[in-house]
Each structure stands twice: as structure tokens, then as C-alpha cells.
Amino acid sequence: LLALAVVWRFADIGADWLLAMWLSLMLGLLGFVDDRVQLGVGLRLVCQACAALAVVTFSMMQHNEATGGSSLGLVLLALGAVVYLVWMTNLFNFMDGIDGLASTQAIFIAAGGAWLTSRAGASPGSILLLVGIAAAVAGFLYHNWPPARIFMGDTGSLFLGFLLAACSLQSAARGELALPVWLILWAPFVCDASTTLVFRMLRRQALHTAHREHAYQHLARRCGSHRGVTLLLLALNVFWLLPLAALALGIPDRELQILVLAYVPIVAGIVLARGHAGPE
């Protein structure tokens with residue numbers, strides 16, 4: 001927050017960014033309370049949905065999003081954006097389960113987003129905002145690297161998950177970086193969390209209860225090390241996803257095809273990593 005305040009002082013980051021920052025802080029405080037007293041799932045989702053709706057409504061007002069003049073189209077667009085923000089916030093929380101994993105991914109999303117938005121000609125405020133997030137999380141990662149001495153908890157994961165998701169949505173609304181490009185940067189977390197959710201739905205398991213069925217958790221148990229899984233994520237991000245995100249930026253009419261190319265081998269790897277392991 002201090003880093004973002006400095007950015008606000010020296011660059012015009014826009015009211016939409018400020019709203020996202022303060023709502024992220026509110027969700028971080030909600031996460032802090034949840035870390036202490038275990039709030040109900042319903043209350044958490046309602047608060048997240050309200051924050052998401054505020055971001056989406058303000059962003060549509062600011063950037064005059066339209067769907068051919070159709071009011072139904074606008075409603076569907078808004079609902080889809082709200083679901084996107086809530087899901088991305090929660091999946092980031094789900095994926096914060098071993099040392100350094102969520103921190104490494106947050107740095108990659110923010111730093112990769114900063115580099116790509118700079119190549120796309122985004123405003124200096126947007127670029128500095130993302131650099132500030134990456135730098136702050138890098139300071140945290142120093143203590144969170146395996147074996148970790150401190151942890152995010154819901155406090156940090158809800159804050160970062162919502163803030164990064166809002167950055168991606170608002171960057172797309174501003175015309176700075178298309179959403180498919182952002183989704184390439186998010187690929188490991190989206191694929192693992194979504195695939196695990198589908199598996200649990202097929203088994204008719206409760207979706208809100210704690211578990212250890214994510215692919216990264218299976219890998220950590222097989223490797224006997226958090227460090228190896230976090231390094232694998234880092235290599236995947238740098239050598240596979242970042243080049244594909246840059247390619248998608250350079251070929252905007254092929255964004256969706258490149259997004260599929262990025263996701264298919266990751267989903268296949270996740271299914272393979274799970275193997276025939278049963279639920280735990």
C-alpha cells in the first residue's frame with residue numbers, strides 16, 4: 001500500500017485503480033478477521049461480490065463499455081466480470097498452500113503485466129502500479145521462500161488475488177492489455193484451481209471445505225519439497241507462458257488460439273500429476 005501511495009503521488013493512476021486498491025484493502029481486512037475467527041463462506045462471498053460489483057460498475061462508467069446498445073448485453077457483461085473477479089480472488093486463495101508459490105505467481109503476474117503493458121503503450125501510472133505490486137511482493141517472498149518464515153494467510157491472498165484480478169480487468173477495460181493475455185499469465189493458478197474444482201464436483205464433494213487435492217499439493221508430496229514445485233512454477237512461467245503472452249500481444253487476432261495453446265499442456269500436466277490419487 002505504501003508503494004502504491006508513492007505511485008499515486010508521482011503518477012496519475014486513475015480513480016479506477018484507486019478504487020480497486022482500497023477495495024482490495026477491505027478484502028484483506030476481511031481475510032485478517034477470517035484468519036482469526038473463521039467467517040462463514042456465505043459472508044465472504046457476499047463481500048467479495050459487492051467489491052467486484054463496485055469495480056465493474058465504476059469501470060464501465062469510466063470507460064464507456066458497450067455491447068451494441070443492448071441493456072441485456074451490458075447486464076451479462078457486468079455479471080460475467082463480477083464472476084471473474086470473485087473466482088480469480090478465491091482461486092488465488094486456494095493456491096496459497098505451499099511455501100513461495102502464491103508469492104512467486106503474484107510477482108510474475110504483476111511484473112509480466114508491467115512489461116507487457118509497457119510494450120502496449122499503457123499509461124505510466126498503470127505500469128508503475130504493477131511494478132509497485134511486484135516489488136512489494138518480492139520483499140515478502142524473501143521471507144516466504146521455502147522454508148518459509150512468514151505466510152500470507154487469507155489476509156494476503158484475498159488482498160493480492162482481488163487486486164491482481166482487478167488490475168487485469170481494468171487494464172483490459174482501458175484498452176491497455178487484452179484479457180486473454182492476462183489469462184495466459186494466470187494460467188497455472190486458473191488451470192489447477194479450476195481442474196480441481198471440476199474433479200471435486202464430479203465426486204460430489206463439498207466445494208468449500210479444506211482439502212489437499214490440488215496438483216501442486218500432489219507434486220509437493222511426491223517431491224517431498226515445496227521448493228521444487230515453486231521452482232517448477234517459476235520455470236513454467238518464464239519459459240512457456242511469458243513468451244506466449246508476448247506472442248499474443250503481438251498477434252491480437254490470435255489471442256484466443258494462443259490462450260488455448262498455453263492452457264492445454266498445463267491442464268494435461270495437472271491431470272497427469274494427479275494420476276489416480278484419491279481425495280485426501
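Definitions and cut-offs
- Residues numbered from 1 in each chain as written.
- Predicted model: local features only at pLDDT ≥ 70, side-chain atom pairs only at ≥ 80, totals over all residues.
- Heavy atoms only, no water.
- Helix = DSSP H or I, 4+ residues; strand = E, 2+ residues; numbered from the N terminus.
- Rg over C-alpha atoms; globule rule 2.2 N^0.38 Å.
- Buried < 20%, exposed > 50% of the residue type's maximum accessible area, 1.4 Å probe, protein only.
- Contact = heavy atoms within 4.5 Å.
- 1 Å grid on protein atoms, 1.4 Å probe; cavity = no way out; pocket = protein on both sides within 12 Å on 5 of 7 lines; lining within 4 Å.
- Points joined across faces, edges and corners; volume = space filled by probe spheres on them.
- Nonpolar A, V, L, I, M, F, W, Y, C, P; charged D, E, K, R; others polar.
- Core = buried A, V, L, I, M, F, W, Y, C linked by side-chain atoms within 4.5 Å.
- Salt bridge = Lys/Arg side-chain N within 4 Å of Asp/Glu carboxyl O.
- Phe/Tyr/Trp six-rings, centres within 6.5 Å; stacked < 30°, edge-to-face > 60°.

**Regarding the overall build of the protein chain**
For the protein chain, the count of helices and strands is twelve helices and zero strands. Relative to its length of 280 residues, the protein chain is compact, with a C-alpha radius of gyration of 18 Å against a globular reference of 19 Å. With respect to the three principal axes, the spread of C-alpha positions in the protein chain is 50 × 45 × 40 Å. When the 280 residues of the protein chain are sorted by exposure, 49% land in the buried category. Residue pairs in contact within the protein chain that sit at least 24 positions apart in sequence constitute 77% of those at least 6 positions apart.

**Some remarks on the side chain of Ser24**
As for its position among the elements, Ser24 is in helix 2 (residues 14-37). Owing to a relative accessible area of 0%, Ser24 belongs among the buried residues under this scheme. Those residues within four positions of Ser24 in sequence are excluded, and the remaining contacts are Phe159, Phe162 and Leu163.

**Examining the layout of surface pockets**
Of the volumes computed, that of the second largest pocket is approximately 360 Å³. Forming the boundary of the second largest pocket are 18 residues, of which Ala136, Val137, Gly156, Phe159 and Leu160 lie nearest the centre. Elements that contribute at least two residues to the lining of the second largest pocket include exactly helix 1 (2-10), helix 2, helix 6 (124-144) and helix 7 (153-173). Grouping the constituent residues of the lining of the second largest pocket by class yields 14 nonpolar, four polar and no charged.

**Notes on the nonpolar core**
Grouped together as the largest cluster of nonpolar side chains are 82 residues, with contacts concentrated most on Leu85, Phe92, Ile133, Phe162, Ile184 and Trp186. Setting aside chain neighbours within four positions, we find Trp186 in contact with Met88, Leu91, Phe92, Gln105, Ile109, Gly161, Leu164, Ala165 and Tyr263.

**Quick look at the side chain of His214**
Among the secondary structure elements, His214 is positioned in the loop between helix 9 (187-202) and helix 10 (215-223). A relative accessible area of 4% places His214 in the buried class. Among all residues touching His214, those that are not within four sequence positions of it are Phe94, Met95, Asp192, Ala193 and Thr196.

**Side note on the pattern of salt bridges**
Tallied over the entire structure, the rule returns five salt bridges. A salt bridge links Arg174 to Asp16, with the nearest nitrogen and oxygen atoms 2.9 Å apart. Here Asp16 lies in helix 2 and Arg174 lies in the loop between helix 7 and helix 8 (179-185), a separation of 158 residues in the sequence. What makes Arg174 partly exposed here is its relative accessible area of 25%.

**Section: the packing of aromatic side chains**
Using the criterion set out here, one finds three aromatic pairs in the structure. Ring centres of Trp87 and Phe94 lie 6.0 Å apart, and the angle between their planes is 65 degrees; on these two criteria the pair is classed as edge-to-face. Geometrically, the ring pair formed by Phe92 and Trp186 is edge-to-face, given 6.2 Å between the ring centres and 70 degrees between the ring planes. Of this pair, Phe92 sits in helix 4 (residues 71-94) while Trp186 sits in the loop between helix 8 and helix 9, placing them 94 residues apart in sequence.

**Details of unusual backbone geometry**
Cis geometry marks the peptide bond from Pro146 to Pro147; its omega dihedral reads -5 degrees. With respect to the secondary-structure elements, Pro147 resides in the loop between helix 6 and helix 7. Backbone geometry places Gln38, a non-glycine residue, at a positive phi of 55 degrees. Relative to the elements of secondary structure, Gln38 occurs in the loop between helix 2 and helix 3 (41-63). For Gln38, a relative accessible area of 63% translates into the label exposed.

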